[in-house]
Amino acid sequence: MTTRELTRRRRPGEQLLIGVLFGCAAVCVATTVGIILTLGFETMEFLRRVPLQEFLFGTRWAPTFADASFGVLPLVSATLLVTGIALVVAVPLGLASAIYLSEYARPRVRAVIKPALEIVAGVPTVVFGYFALTFLTPELLQELVPGTRVFNTLAAGLVIGIMIIPLIASIAEDAMRAVPNELRQASYGLGAVRRTTALKVIVPAAFSGIVAAVLLAASRAIGETMVVAVAAGQMAQMTADPREPSQTMTAYIVQVSLGDTPSGSTAYLTIFALGALLFTITFALNIVAVRIVGRVRERYE
């Protein structure tokens with residue numbers, strides 16, 4: 001029986017279900033295309049008023065001042081600094097948690113710890129922001145790190161790192177659990193201990209999933225809004241000192257979106273330009289990750 005004949009003999013309920021699923025997929029694709037087109041048109045209008053070179057390589061960001069300046073590097077540097085601090089915290093702790101849950105934890109312990117980790121991911125981000133502002137900075141950082149300001153990049157990065165630990169741990173643990181058990185048994189049969197098996201066999205075999213976990217966590221950190229808006233401050237400056245306040249791209253978007261900036265003005269169009277830049281950065285991360293995963297799969301297949 002041909003495919004066309006099978007299609008004709010499908011029940012009406014099955015055809016309806018296929019139509020609903022196709023409609024859901026089409027809505028997702030159409031939404032993505034709509035976002036890209038909106039960002040593209042508004043960004044092109046912004047670039048007609050502000051040269052691309054000034055936007056990408058300028059070192060002063062003051063679009064709402066009388067002597068307006070549109071150099072985005074202060075916002076980009078703050079975003080990357082916050083993301084870097086977050087990944088320094090989250091990657092080792094998340095991978096260690098994933099290795100423990102996958103290779104060491106008993107089933108009952110795993111059944112308790114993994115849901116507990118995932119509960120952290122459900123806490124509203126504004127709560128993390130106020131935790132950084134009212135407890136982490138005054139009670140810990142200003143005592144341990146002299147010179148830390150009330151609003152600072154370090155607190156925002158640390159809290160975002162705590163936020164994305166469950167993301168890395170959950171996805172990486174799923175990737176490690178998906179590794180065939182025969183690899184573990186073969187390693188044990190050759191005399192390897194559990195630590196060697198976990199680090200030398202399981203982690204390399206699950207590396208593609210681990211890369212996906214880190215990439216997703218990095219994208220989550222780059223796009224975080226409320227924590228940096230509350231804890232890092234709103235001072236757009238180029239600094240490598242995490243004790244100083246800064247402003248990320250998402251925090252600026254929140255500031256301008258409050259309604260004080262006239263619609264259609266150049267300062268208002270910066271929202272779309274920054275959105276397009278964030279989209280480009282995330283897309284570039286995806287491309288790099290796909291290439292890394294492809295190379296690793298070629299090695300282990």
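Being a predicted model, the structure only gives us computed values, none of them experimental.

Thresholds, definitions, all that
Here the residue numbering is sequential within each chain, running from 1 through the sequence in written order. It should be noted that, the model being predicted, local features are given only for residues of pLDDT at least 70 and side-chain atom pairs only at 80 or more, the latter also being counted only at that level, while totals for whole chains, interfaces and linings use all residues. With hydrogens and water stripped out, all remaining heavy atoms of the structure feed into the side-chain values. Starting at the N terminus, helices and strands are each numbered in turn, a helix being any DSSP run of H or I of at least four residues and a strand any DSSP run of E of at least two. Burial classification: accessible surface area is computed with a 1.4 Å probe over protein chains only, and a residue below 20% of its type maximum counts as buried, one above 50% as exposed, and the rest as partly exposed. We call two residues in contact when some of their heavy atoms are within 4.5 Å. Per-residue and other accessible areas were derived by the Shrake-Rupley procedure at a 1.4 Å probe size, with only the shown protein chains allowed to occlude residues. Under the convention used here, Asp and Glu are negative, Lys and Arg are positive, and both His and the chain ends fall outside the count. The atom standing in for a charge is NZ when the residue is Lys, CZ when it is Arg, CG when it is Asp and CD when it is Glu. For the purposes of this section, nonpolar cores are sets of buried Ala, Val, Leu, Ile, Met, Phe, Trp, Tyr and Cys residues that join through side-chain atoms within 4.5 Å. We define a salt bridge as a contact between a side-chain nitrogen of Lys or Arg and a carboxyl oxygen of Asp or Glu at a distance within 4 Å. Pairs of N or O atoms within 3.5 Å make up the polar contacts considered here, provided that, within protein, one atom can donate a hydrogen while the other can accept it, and that residues adjacent in sequence are counted only when both atoms are side-chain atoms. For patches, a residue must show more than 30% relative accessible area and have no salt bridge; joins then use 9 Å for like charges and 5 Å for nonpolar side chains, namely Val, Leu, Ile, Met, Phe, Trp and Tyr. Expected span of a helix: the number of residues minus one, times 1.5 Å. Ring pairs are drawn from Phe, Tyr and Trp, using the six-membered ring of Trp, whenever the two centres fall within 6.5 Å, and their geometry is named by plane angle: stacked under 30 degrees, edge-to-face over 60, tilted for the rest. Cysteine sulfur atoms that come within 2.5 Å of each other are treated as a disulfide pair.

**A closer look at the overall build of the protein**
Piece 1. If you tally the helices and strands in the protein, you get 13 helices and two strands.
Piece 2. In terms of overall dimensions, the protein has C-alpha extents of about 70 × 65 × 35 Å along its principal axes.
Piece 3. When each of the 301 residues of the protein is scored for burial, the buried share is 38%.
Piece 4. A fraction of 68% describes how many contacts in the protein between residues 6 or more apart in sequence connect residues 24 or more apart.
Piece 5. Entry remark: accessible area of the protein is about 16,900 Å², with carbon and sulfur atoms responsible for 65%.
Piece 6. Separation of charge centres in the protein, based on 24 positive and 19 negative side chains, amounts to 11 Å.

**Quick word on the side chain of T153**
Piece 1. As for its position among the elements, T153 is in helix 7 (residues 153–177).
Piece 2. The residues touching T153, leaving out its near neighbours within four places in the chain, are L81, V82, I85, P242, E244, P245 and S246.

**With respect to the nonpolar core**
Piece 1. Grouped together as the largest cluster of nonpolar side chains are 37 residues, with contacts concentrated most on A156, V159, I160, I164, M176, V227 and V228.
Piece 2. In terms of residue count, the dominant contributor to this core is helix 7 (twelve residues).
Piece 3. With residues near it in sequence (within four places) discarded, V159 still touches F128, F131, A132, L136 and V227.
Piece 4. Membership of the second largest hydrophobic core comes to 22 residues, among which are L39, W61, L269 and L278.

**Re the pattern of salt bridges**
Piece 1. Considering all chains together, one arrives at eleven salt bridges under this definition.
Piece 2. Between D67 and R60 there is a salt bridge; the shortest N-O distance is 3.4 Å.
Piece 3. Overall, the relative accessible area of 37% leaves R60 in the partly exposed class.
Piece 4. We note a salt bridge from K114 to E173, for which the minimum N-O separation is 2.7 Å. Residue K114 is located in helix 5 (residues 107–121), and its partner E173 is located in helix 7; the two are separated by 59 residues in the primary sequence. The residues K114 and E173 share a single accessibility class, namely buried.

**Details of the side chain of T148**
Piece 1. By the secondary structure assignment, T148 is in the loop between helix 6 (125–144) and helix 7.
Piece 2. Given the relative accessible area of 8%, T148 is considered buried.
Piece 3. Separated by 2.7 Å, the side chain of T148 and the backbone oxygen of V145 make a polar contact.
Piece 4. In this view, T148 contacts T137, L141, Q142 and R243; residues no more than four positions away in its chain are not counted.

**Section: a nonpolar patch on the surface**
Piece 1. A surface patch of nonpolar side chains, amounting to about 380 Å² of accessible area, comprises V123, V126, V127, Y130 and M226.
Piece 2. Ranked by the residues each element gives to the nonpolar patch, the list is headed by helix 6, at three residues.
Piece 3. Within the secondary structure layout, V123 lies in the loop between helix 5 and helix 6.
Piece 4. Given the relative accessible area of 31%, V123 is considered partly exposed.

**As for helix 10 (residues 207–223)**
Helical geometry: 3.6 residues make up each α-helical turn, so side chains three or four residues apart lie on a common side.
Piece 1. With 17 residues, helix 10 extends 24 Å from end C-alpha to end C-alpha; this agrees with the ideal 24 Å at 1.5 Å per step.
Piece 2. Turning to helix 10, its buried residues are S208, G209, I210, V211, A213, L215, A217, A218, S219, A221 and I222.

**Some thoughts on the packing of aromatic side chains**
Piece 1. All chains considered together, the criterion is met by eight aromatic pairs.
Piece 2. With centroids separated by 5.3 Å and ring planes inclined at 75 degrees, the aromatic side chains of F46 and F55 adopt a geometry described as edge-to-face.
Piece 3. A relative accessible area of 0% places F46 in the buried class.
Piece 4. The class of F55 is buried, set by a relative accessible area of 5%.
Piece 5. Between Y268 and F272, the ring centres sit 5.8 Å apart and the planes meet at 70 degrees, which makes this aromatic pair edge-to-face. Of this pair, Y268 and F272 both sit in helix 13 (residues 266–300), four residues apart, which is roughly one turn of the helix.
Piece 6. Classification of F272 by relative accessible area gives buried; the value is 16%.
Piece 7. An aromatic cluster of three or more residues is present, and its members are F46, F55, W61, F70 and Y252.

**Quick word on the state of the cysteines**
Piece 1. Under the counting rule described, the total for this entry stands at zero disulfides.
Piece 2. With no disulfide of its own, C24 has C28 as its nearest cysteine by sulfur position, at a separation of 7.0 Å.

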